[in-house]
Amino acid sequence: MHGKWDRYVFLSLLVLILSGISYAHWKGQQQDEQFLKDYTEYQQAVQLMQQGRAEQALPLLRSLLGKYPDRYNIMRTLGLAYAMKNDFQKAAFYYEKAIRKRPFLQQDPIFTLQFGEILYYNGEYAKAKAYLEKSKQLPGSETYHARIDELLSQIQHQKSS
């Protein structure tokens, strides 16, 4: 009698473990499908921006940021979309938010140039100058450094006006 009870316990545990594994696998597949859908949506937003259609990219990026509030790359891309629409206040907000999530972005030459430019167009000349001077120390092409010099010159002109 004791051996029969042990078999029932063993089989019950086996069924429970297999059910748990099956459920975890099913939920994992659902999560993978959602991540793939969201990744495709992000790529679509980037493509829209590359086509100059930032207005259409904004709802996609806002939705993604709602799902992934800690993703600095979504914050950065959303900020860039706002900059493309000349909403430099919102652009600066999302760039600053991205920096808080990923401080290392301040070592990215393109990011610092873009942020410096956004700050310049937002009228934050002192902050823009600081980022652009930092950008000057980072590696970049001749065109990259020429743009930095141009913006710094414009900032200097604004101060003397």
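Residues numbered from 1 in each chain as written. Predicted model: local features only at pLDDT ≥ 70, side-chain atom pairs only at ≥ 80, totals over all residues. Heavy atoms only, no water.

A. Looking closely at the packing of helix H5 (residues 109–121) against helix H6 (residues 125–136). Where H5 meets H6, the closest approach of the two axes is 8 Å, and the angle between their N-to-C directions is 160°. As judged from the angle between their axes, H5 and H6 are roughly antiparallel. Note on packing geometry: the crossing formed by H5 with H6 is left-handed. On H6, the residues that touch Pro109, Thr112, Leu113, Phe115, Gly116, Glu117, Leu119 and Tyr120 of H5 are Tyr125, Lys127, Ala128, Tyr131, Leu132 and Ser135. (Axes fitted to C-alpha atoms, helices over the stretch in contact; angles between N-to-C directions. Helix = DSSP H or I, 4+ residues; strand = E, 2+ residues; numbered from the N terminus. Parallel < 35°, antiparallel > 145°, perpendicular 65-115°, else oblique. Left-handed = near helix turned anticlockwise from the far one by under 90°. Contact = heavy atoms within 4.5 Å.)

B. Up close: H5. With 13 residues, H5 extends 18 Å between its outermost C-alpha atoms, agreeing within 8% with the 18 Å of an ideal straight helix rising 1.5 Å per residue. Within the span of H5, buried status applies to Phe111, Thr112, Leu113, Phe115, Gly116, Ile118, Leu119 and Tyr120. Buried residues in H5 make contact with helix H3 (72–84), helix H4 (88–101), H6 and helix H7 (142–160). N-capping of H5 is provided by Asp108, with a side-chain oxygen placed 3.0 Å from the backbone N of Ile110. Of the residues flanking the end of H5, it is Gly123, one or two places downstream, whose phi is positive at about 85°. (Expected span 1.5 Å × (residues − 1). Buried < 20%, exposed > 50% of the residue type's maximum accessible area, 1.4 Å probe, protein only. Polar contact = N/O pair within 3.5 Å; in protein donor to acceptor, adjacent residues only side chain to side chain.)

C. Spatial organisation of the pattern of salt bridges. Enumeration according to the criterion identifies 10 salt bridges in this entry. Among the salt bridges present, the one from Lys136 reaches Asp149, with a minimum N-O distance of 2.6 Å. With Lys136 in helix H6 and Asp149 in helix H7, this pair connects stretches of sequence that are 13 residues apart. A single network of salt bridges, built from pairs that share partners, joins Glu117, Arg147 and Glu150. (Salt bridge = Lys/Arg side-chain N within 4 Å of Asp/Glu carboxyl O.)

D. Spotlight on the nonpolar core. One finds Leu61, Leu78, Phe115, Ile118 and Leu132 to be the most contacted residues of the largest nonpolar core, which totals 41 residues. Contact partners of Ile118, with chain neighbours within four places excluded, come to Ala83, Phe88, Ala91, Ala92 and Tyr95. (Core = buried A, V, L, I, M, F, W, Y, C linked by side-chain atoms within 4.5 Å.)

E. Representation of the side chain of Asp38 in the model. By secondary structure assignment, the location of Asp38 is in helix H1 (residues 2–50). The residues touching Asp38, leaving out its near neighbours within four places in the chain, are Leu64, Lys67 and Tyr68.

F. Representation of unusual backbone geometry in the model. Phi at Asn86 takes a positive value of approximately 65°, unusual for a residue other than glycine. In this fold, Asn86 is placed in the loop between H3 and H4. Asn86 gets classed as exposed once you look at its relative accessible area, which sits at 57%.

G. Seen up close, H6. Relative to the 16 Å expected for 12 residues at 1.5 Å per residue, H6 spans 16 Å between its end C-alpha atoms, a close match to the ideal helical length. Regarding H6, the residues found buried are Ala128, Tyr131, Leu132 and Ser135. Within H6, the buried residues cover an arc of 100° as seen down the axis, which keeps them to one side. (Arc of directions from axis to C-beta.)

H. Spatial organisation of the packing of aromatic side chains. Enumeration according to the criterion identifies 10 aromatic pairs in this entry. For the pair Tyr120 and Tyr125, a centre-to-centre distance of 5.5 Å together with 55° between the ring planes defines the contact as tilted. What makes Tyr125 partly exposed here is its relative accessible area of 27%. (Phe/Tyr/Trp six-rings, centres within 6.5 Å; stacked < 30°, edge-to-face > 60°.)

I. Main features of the packing of H4 against H5. Interhelical geometry of H4 versus H5 gives an angle of 145° and a closest axis separation of 9 Å. Handedness of the crossing formed by H4 with H5: left-handed. Facing H4, whose interface residues are Phe88, Ala91, Ala92, Tyr95, Glu96 and Ile99, H5 presents Phe111, Gln114, Phe115, Ile118, Leu119 and Tyr121. The residue makeup of the contact of H4 with H5, split by class, is 10 nonpolar, 1 polar and 1 charged. (Nonpolar A, V, L, I, M, F, W, Y, C, P; charged D, E, K, R; others polar.)

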